[in-house]
Amino acid sequence: MVESKWPLLSVEEAKRIVRDQVRPLEVVEVPFDRAQGLVLAEDVRAAEPMPPFPASAKDGFAVVADDTTEWRRIVGEQFAGYQADLRVEPGTAVRVTTGAPIPPGADAVIMVEFSEVRDGFVRFRRRVEPGADIRPPGQDIAQGQRVVAAGTVLGPAEIGLLATVGATAVRVYRRPRVGVMSTGNELVQPDEQPGPGQIRDANRFSLMAAVRNAGAEAFDMGLAPDTLEALEAFVREGLEKYDVIVTSGGVSMGELDLVKPLLERLGTVHFGRVSVKPGKPVTFATALGKHVFAMPGFPVSSLVAFEVFARPALLLMAGWPAERVERPRVPAVLDHDVHHTAARTEYQRAVVRFNRDDGRFHATTTGFQGSGRLLSMVGANALLELPEGRDHFRAGDVVEALLVGAVRT
Ligand code: AMP
Ligand code: MG
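Residues numbered from 1 in each chain as written. Chains lettered and ligands numbered in written order. Predicted model: local features only at pLDDT ≥ 70, side-chain atom pairs only at ≥ 80, totals over all residues. Heavy atoms only, no water.

S.K.: Account for the sheet that holds strand 21 (residues 290–295), with residues named and values stated.
M.R.: Taken together, the six strands give an open sheet; going across it, the order is 16-13-17-21-20-18, and neighbouring strands pair in mixed fashion. On the outer flanks of this sheet lie strand 16 (217–224) and strand 18 (268–271), each paired with one strand and no other. Across the sheet, the mean angle separating the axes of adjacent strands is 20° when strand polarity is ignored. Sheet analysis places strand 17 (residues 244–248) next to strand 21, joined by five bridges and oriented parallel. Looking at the pairing, Thr 247 lines up with Ala 294 of strand 21. Across the sheet, helix 1 (residues 11–21) touches strand 18, strand 20 (283–287) and strand 21, and the angle it forms with strand 18 is around 135°. (Pairing = 2+ DSSP bridges. Helix = DSSP H or I, 4+ residues; strand = E, 2+ residues; numbered from the N terminus. Axes fitted to C-alpha atoms, helices over the stretch in contact; angles between N-to-C directions. Contact = heavy atoms within 4.5 Å.)

Below you can see the structure in the form of structure tokens.
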């Protein structure tokens, strides 16, 4: 038997090596409205309180809460957007709209729904406490308060807060630029009709999509034939242009599996085999300060290996806090028996649902789990992590599910 020279690492060992090798990329300044999905590199604070002035929370009348006058004279209107020269005293009221500054003298707002207006006077069907429907300055944001913390992934609410406090340029970690290439003499472009012995290249496109899903920028490096010269030219160009290269194919034990020896010559191969199914020959290397993930050729293997090893690396490079780069894990009850090879950690593709009746997550695998069967990933929202050392799971057994998509209910 021909033995691989590469030691077989556990999934945990391999993941630890990846974590130890990658660093966050540089911090750059970008317009806040272009920062969605990026990670903030430093705290953002509010220079002013929000609201900046006592503001009405409702459309209605600004009044003195303890005023017992039945019909109060309407002395003017204070709408949102300016400061009128008005004062409220017992016996009077000022019309206000939501967001309007509260006129001096008033200490409450009574909603328009409880008012009756006649000949320039108003009376109310309801009494209110002092402070009612007034938003005091700083109620939402105190002056000087940290509104978005360093390490936060910027989403809709954070972008809105940046706008609120006028933080129009923000310092964030740069998005990783990832070059994706396929290797294999048998591969043709998706718009070509494959000839005898040929197939269409799927991995470059599934991996570029996975790169984008991880918030990184994907670049199409094309299709490399299985010659050392061509591969070297592709990889060297990628190392120059991108932060990370993701390749697929050419890492197993075949005659034309040239990727590992090439990476060894250009840099350091951190691992060349992992005890994982699918994806055993997955390879991770560093050359010229750039990282290379060399994925196996089978379409499912390449995507699962990307998910398990490359995705966390891209997130760490993008500045994500370490505790957030792994997928959430939940215990899931198997809905059916599952066969598993005890020799390796296996990631089976599954649909996980939350069952209200028993309050537990349930998992159903997506059918035949062949490494070439991309259809086994379609619709899957979870990878079931079946550990080494046990070769059969029965319906009702509980396994670890890594949630890669939204849980169904
Ligand atoms: P390899 O790892 O290069 O030996 O490839 C393993 C299997 O995956 C072979 O059947 C290849 O034809 C197939 N394969 C490799 N690369 C791709 C690709 N980019 N798209 C689809 N199938 C591929
Ligand atoms: Mg190949």
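S.K.: Just give me the short version of the packing of aromatic side chains, but keep the residues and values in it.
M.R.: The way to describe two aromatic rings as a pair is by their centre distance and the angle between their planes. The tally for this structure, following the rule as stated, stands at six aromatic pairs. With a centroid separation of 5.8 Å and an interplanar angle of 45°, the aromatic rings of Phe 271 and Phe 284 are classed as tilted. Highlighted residues: Phe 271 in strand 18 and Phe 284 in strand 20, separated in sequence by 13 residues. Phe 284 shares its class with Phe 271; the two are buried. Here the aromatic residues Phe 271, Phe 284, Phe 293 and Phe 309 are joined through ring pairs into a cluster of three or more. (Phe/Tyr/Trp six-rings, centres within 6.5 Å; stacked < 30°, edge-to-face > 60°. Buried < 20%, exposed > 50% of the residue type's maximum accessible area, 1.4 Å probe, protein only.)

S.K.: Residues and numbers for the side chain of Thr 283, please.
M.R.: Summarising the element assignment, Thr 283 is placed in strand 20. Of the polar contacts made by the side chain of Thr 283, one reaches the backbone oxygen of Pro 281; its length is 2.9 Å. Ignoring sequence-local partners within four residues, the contact set of Thr 283 consists of Val 251, Lys 260, Leu 263, Val 269, Phe 271, Gly 272, Val 292, Phe 293 and Ala 294. (Polar contact = N/O pair within 3.5 Å; in protein donor to acceptor, adjacent residues only side chain to side chain.)

S.K.: Go over the pairing of strand 4 (residues 60–63) with me, naming the residues and quoting the values.
M.R.: The pairing of strand 4 with strand 6 (residues 92–96) spans three bridges and is antiparallel. By the bridge assignment, Ala 62 is partnered in strand 6 with Val 94. Pairing of strand 4 with strand 7 (residues 108–111) involves four bridges; the strand directions are antiparallel. The residue bridging Val 63 from the neighbouring strand is Ala 108, located in strand 7.

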